[in-house]
Structures are given as C-alpha cells and as structure tokens.
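Survey of secondary and tertiary structure
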Amino acid sequence: MSRIGKMPIDVPKGVDVKVSPENEVSVKGPKGSLSGVFDRAMIVSYKDSQILVSRPDDEKRSRSMHGLTRTLINNMVVGVTSGFEKNLEINGVGYRAQKQGKKLVLTLGYSHPVEMEDPAGITTEVVNPNRIVVRGIDKQAVGEYAAKIRIKRKPEVYKGKGIKYDYETIRRKEGKSGAKGKK
C-alpha cells in the first residue's frame, strides 16, 4: 500500500471541497479556488473534513497513481490556504530586476532588457534589485514561471553570474591555467 496515498488530507476550516463522481475535485479557500480532474480508477471521497484517496486494485498503474493523486489534491488544499512561493537570486555586475506594473523587467547583460508579463494567478515581487519572489496558489504554475525566469540567464560555472534559486548552490569551476613553463 502506498504510504503517501493512504494518508488522509485534513481540510482546514474556511476551505470548501466538492468531489464529483467523475473524480473532479474543486477546492475553494481564502486565497482562491482550484479544480482538477483525476484518474477515474482512483476513488476520491470527502467526509468529516478529510479527503481520502483509495485505489481499486494492486496493479502497477493503480499503485503509481495512488500517491500522485493524493499529493496533487493536497497541493490544491495547501495552495488555497497558504499558497506557494519560489525565491530567485540574480548574481552579476549590472544584472538586476525591476517591476513595471504587471511586467517583470530583467537587465541581464543582453543588448536589451528582457520583459516578462506575469501570467494569470501568478504575482512576482522584486524585493531588491537582486531578489525576485514568485507567488501563487498553483504549485505547478509557480514552479514553471520561476523556471522560465531562471532560463533567461542560467547561472554559469566560472563566475557564478546568472539567475538561480535561493537554495541552489553553484559548483564553481577553475578557469584555464596558462601553459607557462611547459615544453
């Protein structure tokens, strides 16, 4: 039995959950609402402010979908209550970020500034010119947008310049050493 899949999801007060017979789960909370359609083989039930996910059999596909379905529903509940955020750091001389309305403007050493429009449901905040915080209620969308920002100038290994996650460590490489004295 899946250890993650069999754990119940506690639904806090102020969160409204609806489960349809077609396994469409809708979660509404103080930060917004999310919905998703899950594998029809999974059995999703909601009672006594807990969501339970069970599987019909022990086939490989059912076992793999069991934990995944439970985790995705749990992420929806966490998203509408507290939300998700990713922190990015910008390293490099002259590299910086600024906010212009709903646009994120990145100066990354290119001949022009890179402008990115915030997608629906995602907000970006520039804490200082070298730190960006991406927030939202959908964990996948937050991670995807943070990755799109990071890919605009990935950190390079020789000087460490670029955009990286705050928890990420860049393994630095030593530059070329001259071949002086060798014959």
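These figures come from a predicted structure and were not determined experimentally. (Residues numbered from 1 in each chain as written. Predicted model: local features only at pLDDT ≥ 70, side-chain atom pairs only at ≥ 80, totals over all residues. Heavy atoms only, no water.)

1. A few points about the overall build of the protein
- Of the regular secondary structure elements, the protein holds two helices and 13 strands.
- Here the C-alpha atoms of the protein give a radius of gyration of 22 Å, more than 25% beyond the 16 Å that 2.2 N^0.38 yields for 183 residues.
- The 183 residues of the protein split such that 36% are buried.
- When contacts within the protein are restricted to residue pairs at least 6 apart in sequence, long-range pairs at least 24 apart make up 50% of them.
- Mean positive and mean negative side-chain charge positions of the protein (36 and 21 charges, respectively) differ by 10 Å. (Helix = DSSP H or I, 4+ residues; strand = E, 2+ residues; numbered from the N terminus. Rg over C-alpha atoms; globule rule 2.2 N^0.38 Å. Buried < 20%, exposed > 50% of the residue type's maximum accessible area, 1.4 Å probe, protein only. Contact = heavy atoms within 4.5 Å. Lys, Arg positive; Asp, Glu negative; His and termini not counted. Charge placed at Lys NZ, Arg CZ, Asp CG, Glu CD.)

2. Regarding the sheet that holds strand β5 (residues 43–47)
- Pairing is antiparallel in the open sheet, where three strands are placed in the order β1-β6-β5. Two strands in the sheet have a free side with no partner beyond their single neighbour: β1 (9–10) and β5.
- Examined bridge by bridge, β5 and strand β6 (residues 50–54) share five bridges and lie antiparallel to one another. If you follow serine 45 over to β6, its bridge partner there is leucine 52. (Pairing = 2+ DSSP bridges.)

3. Structural notes on the pattern of salt bridges
- Evaluated as defined, the whole model comprises eleven salt bridges.
- We note a salt bridge from aspartate 58 to arginine 55, for which the minimum N-O separation is 2.9 Å.
- In this structure aspartate 58 comes out as exposed when scored by relative accessible area, which is 55%.
- Residue glutamate 85 pairs with arginine 135 through a salt bridge whose shortest N-O separation is 3.0 Å. Here glutamate 85, found in strand β7 (residues 84–91), pairs with arginine 135, found in strand β12 (residues 131–136); they are 50 residues apart in sequence, far enough to count as distant.
- Connected through shared salt-bridge partners, Glu85, Glu125 and Arg135 make up one network. (Salt bridge = Lys/Arg side-chain N within 4 Å of Asp/Glu carboxyl O.)

4. Quick word on the nonpolar core
- In terms of nonpolar packing, the biggest core is built from 19 residues, with Leu88, Ile90, Leu106, Ile132, Val134, Ile149 and Ile163 touching the most fellow members.
- Taken together, the elements giving at least two residues each to this core come down to β7, β9 (103–107), β10 (114–117), β12, α2 (139–151) and β13 (162–165).
- Among the elements that take part in this core, α2 stands out by supplying four residues, more than any other.
- Not counting chain neighbours up to four residues away, the residues in contact with valine 134 comprise Phe84, Glu85, Lys86, Leu88, Ile122, Thr123, Thr124, Val142, Tyr145, Ala146 and Ile149. (Core = buried A, V, L, I, M, F, W, Y, C linked by side-chain atoms within 4.5 Å.)

5. Structural notes on the sheet that holds β13
- Here we have four strands laid out as an open sheet, ordered β11-β12-β7-β13, and antiparallel in their pairing. Of all the strands in the sheet, just β11 (122–128) and β13 have a single pairing partner and so form its edges. Taking each pair of neighbouring strands and ignoring which way they run, the sheet shows an average axis angle of 25°.
- Strand direction decides the pairing type here: β7 and β13, joined by four bridges, are antiparallel. Following the sheet pairing, leucine 88 is matched in β13 by tyrosine 165.
- Where α2 meets the sheet, its contacts fall on β7, β11, β12 and β13, and the angle it forms with β7 comes to roughly 10°. (Axes fitted to C-alpha atoms, helices over the stretch in contact; angles between N-to-C directions.)

6. Considering the packing of aromatic side chains
- All chains considered together, the criterion is met by one aromatic pair.
- Where tyrosine 165 meets tyrosine 167, the ring centres are 5.4 Å apart and the plane angle is 0°; that geometry is what we call stacked.
- For tyrosine 167, a relative accessible area of 57% puts it in the exposed group.
- For lysine 86, the ring lying beneath its charged end belongs to tyrosine 165, and the centroid distance is 5.3 Å.
- Its end group placed over the ring of tyrosine 110, arginine 153 keeps NZ or CZ at 4.3 Å from the ring centre. (Phe/Tyr/Trp six-rings, centres within 6.5 Å; stacked < 30°, edge-to-face > 60°. Lys NZ or Arg CZ within 6 Å of the ring centre and 35° of its normal.)

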